[in-house]
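Structure assessment
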Amino acid sequence: KEFFSKMANRYTGEPNVIYEIYNEPINDSWKDLKAYSIELINTIRAIEPYAVILVGSPHWDQDIHLPAEDPILGFNNIMYTVHFYAKTHGQWLRDRSDYALSMGIPIFVSECAGMEATGDGPIDREEWNKWVEWMNKNKISWAAWSLSDKNESCSMLYPSASSEGNWKNEELKEWAKIVIDELKK
C-alpha cells in the first residue's frame, strides 16, 4: 500500500501510467488475490480515480477464467492480465481468454513473447501469429517481453546495444525485429 500510494501521488493525472498491482501470481487463490487486489485498488483510487489498474490472475496470469466467474465489482478502469509465451501457451489459453471476454472481463496482455515460457528456445512464429491475430481481433493491448540484453531468445538486444536507445538494426535480436514489425502495422 505504501508503494502504490507513493506512485499514485507521484503520477496522479498522468494519462500514460498504468498500475499493475501483482505481476504473475503463482500459487495464490483467486479468493486471496481478489481481496488483495481490492485493497490495493482502494489505495490507488483514494489518490488517482481514473488510471487503468491491471489485476493479475492466478497461475502466472493464465487462470483468467477465475476472475471471469467472480469479478471485482464497483470499480472503473480495471483490467485483468493474461501472460503467454507462444511456444508454450496455445489455443487452450486463447479459449480460456475467450471465455473471460464472453463474461465481460476486460483483458490486457501485460507480458507476452514468441518462444517458450522459460524466455528461451526457438520463436514459434506460427503460434505467435495466431496470438497476434487473436489480440487484434479482440482489440487487446499487449506488451512484449523483454527489453534486455540477456543470453536468451526473449531478450531483444545484443550486449553491444546502448542503454540509451537509438539502436542500430544489428544491435536488435530476432525477437525485437518481430515485435517492431508488428507494432509498425
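1. As for the packing of aromatic side chains
For the structure shown, the criterion picks out 8 aromatic pairs. Ring centres of phenylalanine 3 and phenylalanine 4 lie 5.0 Å apart, and the angle between their planes is 80 degrees; on these two criteria the pair is classed as edge-to-face. Here phenylalanine 4 falls in the buried class, since its relative accessible area comes to 11%. Linked through ring pairs, Phe84, Trp128, Trp131, Trp134, Trp142 and Trp175 together constitute an aromatic cluster. In this arrangement the basic side chain of arginine 94 is found over the ring face of tryptophan 131, its NZ or CZ atom lying 4.9 Å from the centre.

2. A short note on the nonpolar core
With 47 residues, the main nonpolar core has Val109, Trp128 and Trp175 as its most contacted residues. Counting only elements with at least two residues in this core, the list comes to α1 (2–11), α2 (30–45), β2 (52–55), β3 (78–85), α5 (91–102), β4 (107–113), α6 (125–137) and α7 (174–184). When residues no more than four places from it in sequence are discounted, the contact partners of tryptophan 175 are Cys112, Ala113, Gly114, Met115, Ile123, Trp128, Ala144, Trp145, Ser146, Ser153, Cys154 and Met156.

3. As for the packing of α6 against α7
Orientation of α6 relative to α7, taken along the N-to-C sense of each, is 30 degrees, at an axis distance of 13 Å. Here α7 runs roughly parallel to α6, going by the angle between their axes. Every pair of crossing elements has a handedness; the one defined by α6 and α7 is right-handed. Contact residues: Arg125, Trp128, Val132 and Asn136 in α6; Glu174, Trp175, Ile178 and Glu182 in α7.

4. Some points on the side chain of serine 110
Among the structural elements, serine 110 can be located in strand β4. Classification of serine 110 by relative accessible area gives buried; the value is 14%. Looking at serine 110, its side chain comes within polar contact range of the side chain of glutamate 20, at 2.8 Å. Other than its neighbours up to four places away in sequence, serine 110 contacts Glu20, Leu54, Thr81, Val82, His83 and Ala143.

5. Quick notes on the pattern of salt bridges
Applying the stated criterion across every chain, the model contains 10 salt bridges. In this structure, the salt-bridge partner of lysine 1 is glutamate 39, at a minimum N-O distance of 2.9 Å. A residue pair is termed long-range when its members are at least 10 positions apart, and lysine 1 in the segment before α1 and glutamate 39 in helix α2 qualify at 38 residues. A residue is classified by how much of its surface remains accessible, and lysine 1, at 53% relative accessible area, is exposed.

6. A word on unusual backbone geometry
In the segment running from tryptophan 145 into serine 146, the intervening peptide bond is cis, with an omega of 20 degrees. Even without being glycine, histidine 59 reaches a positive phi, approximately 65 degrees. By secondary structure assignment, the location of histidine 59 is in helix α3 (residues 58–61). Exposure remark for histidine 59: the relative accessible area of 31% places this residue in the partly exposed category.

7. A look at the pairing of β2
In this sheet, β2 lies alongside strand β1 (residues 18–20) in parallel orientation, the contact comprising 3 bridges. When the bridges of β2 are listed, tyrosine 19 appears paired with isoleucine 53. A crossover connection joins β1 to the parallel β2 through α2; in handedness this β-α-β unit is right-handed.

8. Things to note about α2
The first and last C-alpha atoms of α2 sit 21 Å apart over 16 residues, in line with the 22 Å expected at 1.5 Å per residue. Listed in full, the buried residues belonging to α2 are Trp30, Leu33, Lys34, Ser37, Leu40, Ile41, Thr43, Ile44 and Arg45. Of the surrounding elements, those touching the buried residues of α2 are α1, β1, β2, α3, α4 (65–69) and β3.

Cut-offs used in this document
Residues numbered from 1 in each chain as written. Predicted model: local features only at pLDDT ≥ 70, side-chain atom pairs only at ≥ 80, totals over all residues. Heavy atoms only, no water. Phe/Tyr/Trp six-rings, centres within 6.5 Å; stacked < 30°, edge-to-face > 60°. Buried < 20%, exposed > 50% of the residue type's maximum accessible area, 1.4 Å probe, protein only. Lys NZ or Arg CZ within 6 Å of the ring centre and 35° of its normal. Core = buried A, V, L, I, M, F, W, Y, C linked by side-chain atoms within 4.5 Å. Helix = DSSP H or I, 4+ residues; strand = E, 2+ residues; numbered from the N terminus. Contact = heavy atoms within 4.5 Å. Axes fitted to C-alpha atoms, helices over the stretch in contact; angles between N-to-C directions. Parallel < 35°, antiparallel > 145°, perpendicular 65-115°, else oblique. Left-handed = near helix turned anticlockwise from the far one by under 90°. Polar contact = N/O pair within 3.5 Å; in protein donor to acceptor, adjacent residues only side chain to side chain. Salt bridge = Lys/Arg side-chain N within 4 Å of Asp/Glu carboxyl O. Pairing = 2+ DSSP bridges. Right-handed = clockwise from strand over helix to strand, strands pointing away. Expected span 1.5 Å × (residues − 1).

Shape is all these values report; function is a separate question.
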